[in-house]
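Inside the fold
What follows is the residue order along each chain.
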Amino acid sequence: MGWKASRLSHSMDLHTMTQSLVTLAEDNMAFFSSQGPGETARRLSSVFAGVREQALGLEPTLGRLLSVAHLFDLDTETPANGYRSLVHTARCCLLHLLHKSRHVASNRRSIFFRTSHNLAELEAYLATLTQLRALAYYAQHLLATNQPGRLFFEGDERVTADFLHEYVSLHKGCFYGRCLGFQFTPAIRPFLQTVSVGLVSFGEHYKRNETGLSVTASSLFTGGRFAIDPELRGAEFERIVQNLDVHFWKAFWNITEIQVLSSLANMASATVRVSRVLSLPPTAFEMPLTADPKVTVTISPPLAHTGPGPVLVRLISYDLREGQDSEELSSLVRSEGPRSLELRSRPQQAPRSRRLVVHIHGGGFVAQTSKSHEPYLKSWAQELGAPILSIDYSLAPEAPFPRALEECFYAYCWAVKHCALLGSTGERICLAGDSAGGNLCFTVSLRAAAYGVRVPDGIMAAYPATMLQATASPSRLLSLMDPLLPLSMLSKCVNAYAGGVTEDHSDSDQKALGVMGLVQRDTALLFRDLRLGASSWLNSFLELSGHKSHSNSVPVAEPMRCSVSETALAQPEGPLGMDSLKGLTLHDLSLRGSSETPDTPELSLSAGARGHSTPSAVNFLLRPEDTSEESEAGDELSTKDRVQGVCAAFPEGFHPRRSSHGAKRMTLYSSPIVKNPFMSPLLAPDSMLQTLPPVHIVACALDPMLDDSVMFARRLRSLSQPVTLRVVEDLPHGFLGLAALCRETRQAAALCVERIRLILNPPGPPV
């Protein structure tokens, strides 16, 4: 069905689709209205009446969005932006309803007609269509109030706060139940269902456990009732994503780090000769300047927050190459247990490759390591014929910005200087990363240019985050329905990376052990849990009634740190200081001249120079409850007008469904530091962006972060910087980790490899 919806959405125009659905809805409505006073017939008649109303109300709004969507594309060959994605998603929902309405019309008289099942499906998709209509109105409101040609909102931040307060209060459970992943390719839906069942089971255990961090394998095998009750799963999923903290997401995402699970994943990946974890000592070294190789600059070890410390990296190579078994490199190897013996002796060594890939993994800045991404990195090493160095940077909230950037920059410079040890001559170097790793690829390159050292020959960024400021855009509206990137989770990750204080549920013993230690400790019970879990799963599978949680506790607003570490990376002194940066818009930044390029690699400011990192006017989503009296007074004078403006996005008589799962005023923070170009590269001035090498971006059309890629590519294109943008359809954010799942993810992963190959093997001049 999902395949048909995707194909038909491109072949059937919106008006024809809507009229066909309305005709079928009216026919079904008339039929069930004539079936007597029964409750089921009444509900079926009512649901078709609702389908008719929502489809007719949605069509003109989608038409208006589609009529202007081309104005926001990178170019005519790349028709992609958040407005197009919203229209496509709504069309998919309409087509699902069209298919279901046809099925009902054809089978409603049959004795085999599954009345209850079809009613549940129709009610679920009607709820989804209603919420999509609300998103379409929000997108139309953005279009009307935003600056021409801009995808990210740059207006009155108080208006935006109220606007997004309305948005986050919408009901979301319908997107996580029966309709889970309806917008994606059908091969993805079973995976998403597995993830959602695992997440709510994990969340149930997390909630019961006072520590919130320990999880046993059996807890992931006892979600039977969530698998058979989609409405229960959707409601619980909504509660979890709205109320649990960043430590929950960190622990859940790191489940893939469990030895058993990672071994299973690696069994399906390519076999490589080298996979070694190296520990780079925190020792300063010299690098030659690109402009004058006779002059050197000192690359200092990472210092922010925790002081000097080693940086972990993973070297992956399909062939054993010269230098990779040297004593100097072996002295840096960090034991990883049995898997560290993956380096096997060979009778002959391959020569050093001309190419080198430096990889930075994603994970929202808070989770995962190179081990999580190792399966596809092994395939890259085989296909590219180049060694890959993947950086295991420190994660937030324990190590907030700029620690990760400092470590990635240090490891990149070390790789450039010591490429011979890595099995490469370093003639061509590519920086590659996904999501948060894509962000770090851009900022590492910007920092390399600021230092005057060699920048990479190109960057391949898959679905990168380039705007960490909490701001609205049409693609960000997709976070309402995205099971992998819900809005509250995005906010918690950015808050953690920005240095915001997070809730701590762990005691001192657990802190000493750490999240991964807890997960690995619990995995030691796996074989016992498999036996017990099978029995528990069967029992819970038979609990048709389940046990819904009625907790509606509202999380306490999280205060921000008074300041970021004194060694935090901030703006160079001068006209691009932090004070002036707070008020800058994209348009302002695009007017900055090349005179603002820093003349020195000294890129740190004291905490006093930056000011306090507290919720302020830059808080773009929701105002915290403890805002100043002066701010409250100003808000009191204008709240009525502003709320009326937000509500004016909806036509009279339209009322979307509201969330019933706590956090009515979900606190979403944004610190002023997120406007730092080394944190949000989209906000970098022209003079900085002009130092970037050729950039190749691979984005997802249905990704809440799509507009990050589109706007970043548009900025680079406006500066005549070499940039390509390829957008894959019908896949979620994070498809690289799903490369082995289906044909579509394999094709998308192959596209990333193709982009890297363009950097490592540039086409020669025409003969």
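Preceding block: the structure.
Residues numbered from 1 in each chain as written. Predicted model: local features only at pLDDT ≥ 70, side-chain atom pairs only at ≥ 80, totals over all residues. Heavy atoms only, no water.

1. A few points about the packing of aromatic side chains
Just so we agree on the cut-off: Put simply, two rings from Phe, Tyr or Trp (the six-membered ring, in Trp's case) pair if the centres are within 6.5 Å, and we call them stacked under 30 degrees between planes, edge-to-face over 60, tilted for the rest. Only DSSP runs of H or I reaching four residues or more are called helices, and only runs of E reaching two or more are called strands; each is numbered from the N terminus. Exposure is judged per residue with a 1.4 Å probe applied to protein chains only, and the accessible area is read against the type maximum: over 50% gives exposed, under 20% gives buried, and values in between give partly exposed.
One pass over the structure, following the stated rule, counts 16 aromatic pairs. A centroid spacing of 4.3 Å and a plane angle of 40° characterise the contact between Y176 and F237, whose relative ring orientation is tilted. Placement of Y176 in helix 7 (residues 173–176) and of F237 in helix 10 (residues 230–243) is noted, with a sequence separation of 61 residues between them. Both residues of the pair, Y176 and F237, belong to the buried class.

2. Side note on the side chain of H171
Put simply, the test is: Each polar contact in these results corresponds to two N or O atoms within 3.5 Å; when the atoms are within protein, one needs to be able to donate a hydrogen and the other to accept it, and residues that are neighboring in sequence are counted only if both atoms are side-chain atoms. For this analysis, residues touch if any pair of their heavy atoms sits within 4.5 Å.
Here H171 shows up in the loop between helix 6 (157–168) and helix 7. Its relative accessible area of 18% is what places H171 among the buried residues. A polar contact is formed between the side chain of H171 and the backbone nitrogen of C174, at a distance of 3.1 Å. Here H171 is in contact with Q131, E238, R657, R658 and S659, once residues within four sequence places are set aside.

3. Digging into unusual backbone geometry
Cis geometry marks the peptide bond from A396 to P397, where omega comes out at 0°. Within the fold, P397 resides in the loop between strand 7 (388–392) and helix 15 (403–417). Along the chain, F401 connects to P402 via a cis peptide bond; the corresponding omega equals 5°. Tracing the backbone through its elements, the reader meets P402 in the loop between strand 7 and helix 15. Even without glycine at this site, S720 takes up a positive phi of about 65°. Take S720: it is sitting in the loop between helix 26 (706–718) and strand 11 (723–728).

4. Focus on the pairing of strand 11
Worth spelling out the cut-off: By definition, two strands form a pair when at least two bridges between them are found by DSSP. The crossover handedness rule: strands pointing away from the viewer, path from first strand over the helix to second strand clockwise, crossover right-handed.
Pairing of strand 10 (residues 695–700) with strand 11 involves six bridges; the strand directions are parallel. The residue bridging V695 from the neighbouring strand is V723, located in strand 11. Read as a crossover between parallel neighbours, the route from strand 10 over helix 26 to strand 11 is right-handed.

5. Structural notes on the pattern of salt bridges
To keep it simple, the criterion reads: By definition here, a salt bridge exists when the distance from a side-chain nitrogen of Lys or Arg to a carboxyl oxygen of Asp or Glu is within 4 Å.
Counted by the stated rule, this structure contains 22 salt bridges. When the shortest N-O distance is used, the salt bridge between R178 and E121 registers 3.7 Å. A residue pair is termed long-range when its members are at least 10 positions apart, and R178 in the loop between helix 7 and helix 8 (189–208) and E121 in helix 5 (residues 115–145) qualify at 57 residues. You can call R178 partly exposed: its relative accessible area is 23%. Several salt bridges share partner residues, and in doing so they unite E121, R178 and E231 into one network.

6. Focus: the sheet that holds strand 6 (residues 353–360)
Worth spelling out the cut-off: What counts as an axis is a line fitted to C-alpha atoms, over the stretch in contact for a helix, and the angles between N-to-C directions run from 0 to 180 degrees.
Read from one edge to the other, the open sheet built from nine strands follows the order 5-1-4-7-6-8-9-10-11, with strand pairing classed as mixed. Only two strands of the sheet have a single partner each, and these edge strands are strand 5 (333–334) and strand 11. Helix-sheet contacts for helix 15 involve strand 1 (274–280), strand 4 (311–317), strand 6, strand 7 and strand 8 (424–434), and the interaxial angle to strand 7 is about 155°.

7. Some points on the nonpolar core
Stated precisely, the cut-off is as follows: The term nonpolar core refers to a set of buried residues drawn from Ala, Val, Leu, Ile, Met, Phe, Trp, Tyr and Cys, joined through side-chain atoms within 4.5 Å. For each domain, the first and last residues come from an automatic or database assignment.
Counting residues in hydrophobic clusters, the biggest one holds 208 residues, and the most contacted among them are L135, I299, W380, M460 and F735. At 15 residues, helix 5 tops the list of elements feeding residues into this core. Residue contributions to this core reach at least three from each of two domains, namely domain 1 (1–149) and domain 2 (271–335 + 348–474 + 674–760).

8. Focus: the pairing of strand 4
Most of strand 4 is tucked away: six of the seven residues are buried. With seven bridges joining them, strand 1 and strand 4 adopt antiparallel strand pairing. Pairing of S275 across the sheet is with I316, part of strand 4. Across five bridges, the pairing between strand 4 and strand 7 is antiparallel.

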